[in-house]
Amino acid sequence: MTDWKELGRPGQKLMQRLYGGGSLRNCDSAAILQLRQLGLIEGKERRERLSPLGRALLDHTHAQLKARLGAS
């Protein structure tokens with residue numbers, strides 16, 4: 001699985017945007033292409049969504065952050 005820290009900041013922002021229910025309209029096409037090549041997003045242009053791998057990565061990252069902050 002790809003490590004969250006290995007993604008560049010632009011890629012992280014796009015992943016967060018999708019995780020929150022947003023779209024990638026008017027976003028950096030190079031960052032979108034990188035995420036698509038890594039298998040983290042899927043779907044057609046302007047209709048991207050998180051792939052199962054992308055969702056798993058963000059769920060895992062979110063759980064780590066919650067644990068670090070002591071939240072349940």
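Note: the structure precedes this text.
The following refers to the structure shown. The structure displayed is predicted, hence computed values, not measured ones.

## Here we look at the pattern of salt bridges
Thinking step 1. Taken as a whole and judged by the stated rule, the model has 2 salt bridges.
Thinking step 2. Residue Glu 48 pairs with Arg 36 through a salt bridge whose shortest N-O separation is 3.2 Å. Of the two residues, Glu 48 is situated in the loop between β1 (41–42) and β2 (49–50) and Arg 36 in helix α2 (residues 29–37); the sequence distance between them amounts to 12 residues.
Thinking step 3. On the basis of relative accessibility, which here comes to 12%, the residue Glu 48 falls in the buried class.

## Thoughts on the side chain of Glu 48
Thinking step 1. A polar atom in the side chain of Glu 48 sits 3.2 Å from the side chain of Arg 36.
Thinking step 2. Setting aside residues up to four positions removed in sequence, Glu 48 forms contacts with Leu 18, Leu 24, Ile 32, Arg 36, Ile 41, Glu 42 and Gly 43.

## Comments concerning α2
Thinking step 1. All of the buried residues in α2 are Ala 31, Ile 32 and Leu 35. Mapping the buried residues of α2 onto a view down its axis gives an arc of 100°, with all of them on the same face. Summarising the geometry of α2, the exposed residues directed more than 90 degrees from the buried face are Ser 29 and Gln 37.
Thinking step 2. The inward-facing, buried residues of α2 contact α1 (9–19) and β1.
Thinking step 3. For α2, the side-chain oxygen to backbone nitrogen distance between the N-cap and Ala 30 is 3.3 Å, and the N-cap itself is Asp 28.
Thinking step 4. Phi turns positive, to about 80°, at Gly 39, one or two residues after α2.

## A few points about the nonpolar core
Here is a general trend for soluble globular proteins: nonpolar side chains tend to be buried in one another's company.
Thinking step 1. Leu 7, Leu 14, Met 15, Leu 24, Leu 35 and Ile 41 are the most contacted members of the largest nonpolar core, which has 15 residues in total.
Thinking step 2. Contributing elements (two or more residues each) for this core: α1, α2 and α3 (52–69).
Thinking step 3. Beyond its immediate sequence surroundings of up to four residues, Ile 41 is in contact with Met 15, Leu 18, Leu 24, Ile 32, Leu 35, Arg 36, Glu 48, Arg 49, Leu 50 and Ser 51.

Criteria and thresholds
Residues numbered from 1 in each chain as written. Predicted model: local features only at pLDDT ≥ 70, side-chain atom pairs only at ≥ 80, totals over all residues. Heavy atoms only, no water. Salt bridge = Lys/Arg side-chain N within 4 Å of Asp/Glu carboxyl O. Helix = DSSP H or I, 4+ residues; strand = E, 2+ residues; numbered from the N terminus. Buried < 20%, exposed > 50% of the residue type's maximum accessible area, 1.4 Å probe, protein only. Polar contact = N/O pair within 3.5 Å; in protein donor to acceptor, adjacent residues only side chain to side chain. Contact = heavy atoms within 4.5 Å. Arc of directions from axis to C-beta. Core = buried A, V, L, I, M, F, W, Y, C linked by side-chain atoms within 4.5 Å.

Shape is all these values report; function is a separate question.
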